Amino acid sequence: MSAASPRLEGRCLCSDAGWTLTGDPGSITACNCSMCARYGALWAYDYEGERIALDGPTRTYARRGKADPALEIHFCPTCGCLLSWRGLRIEADGRRRMAVNIRLAPAEAVADLPIDHFDGADSFEDLPPDGRCVRDMWF
């Protein structure tokens, strides 16, 4: 990693667990699926073992009642903060998708990142951009 590479870090409330995202986080996703609507998370994406690294203890949850859940959710076992999700299926290119919850990063580090909206509740498609950024969803 060069000195010029951006690096975001997020920590849970008790600071026992966290994540690091190296490089440009790109736009942040706000999703309205049943999980994201309940958690209120804002997501930055990459792949396991690449630009995202988790540290500290986590517990995982995969949705009960689904024969083939697609994701496992990582939480801090002490304070319960939602850190990330990890795909349970390997992509065609052999990589595993991950996302980190940007709400765990310092507000000033992420406030101006643009938001993409994803309709995970109905169409499973990206929604038209509306010009909002993390600041508009958070403050």
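Quick notes on the rules
- Residues numbered from 1 in each chain as written.
- Predicted model: local features only at pLDDT ≥ 70, side-chain atom pairs only at ≥ 80, totals over all residues.
- Heavy atoms only, no water.
- Helix = DSSP H or I, 4+ residues; strand = E, 2+ residues; numbered from the N terminus.
- Rg over C-alpha atoms; globule rule 2.2 N^0.38 Å.
- Buried < 20%, exposed > 50% of the residue type's maximum accessible area, 1.4 Å probe, protein only.
- Contact = heavy atoms within 4.5 Å.
- Areas by Shrake-Rupley, 256 points an atom, 1.4 Å probe, with all protein chains shown as cover.
- Lys, Arg positive; Asp, Glu negative; His and termini not counted.
- Charge placed at Lys NZ, Arg CZ, Asp CG, Glu CD.
- Salt bridge = Lys/Arg side-chain N within 4 Å of Asp/Glu carboxyl O.

**Examining the overall build of the protein**
Consideration 1: Counting its secondary structure elements, the protein contains three helices and 11 strands.
Consideration 2: Ordered by position in the sequence, the α and β elements of the protein form the string β-β-β-α-β-β-β-β-β-β-α-β-β-α.
Consideration 3: A globule of 139 residues ought to have a C-alpha radius of gyration of about 14 Å, and the protein, at 15 Å, matches this closely.
Consideration 4: Taking the principal axes of the C-alpha coordinates as reference, the protein spans close to 45 × 35 × 35 Å.
Consideration 5: Evaluated residue by residue, the protein yields a buried proportion of 40% over its 139 residues.
Consideration 6: Pairs at least 24 apart in sequence give 51% of the contacts found in the protein among residues at least 6 apart.
Consideration 7: By element, 49% of the accessible surface of the protein is carried by carbon and sulfur atoms, the whole surface being about 7800 Å².
Consideration 8: Each charge class in the protein can be summarised by its mean position, and for the 16 positive and 20 negative side chains these summaries are 7 Å apart.

**Some words on the pattern of salt bridges**
Consideration 1: With the rule as written, the count across this model stands at 10 salt bridges.
Consideration 2: The salt bridge involving Arg86 is made with Glu72; its shortest N-O contact spans 2.8 Å. Linking Arg86 in strand E8 (residues 82–87) with Glu72 in strand E7 (residues 71–75), this pair joins segments that are 14 residues apart in sequence. The same class applies to Arg86 and to Glu72, which are both buried.
Consideration 3: By sharing partners, the salt bridges in this structure join Glu48, Glu72, Arg86 and Arg96 into a single network.

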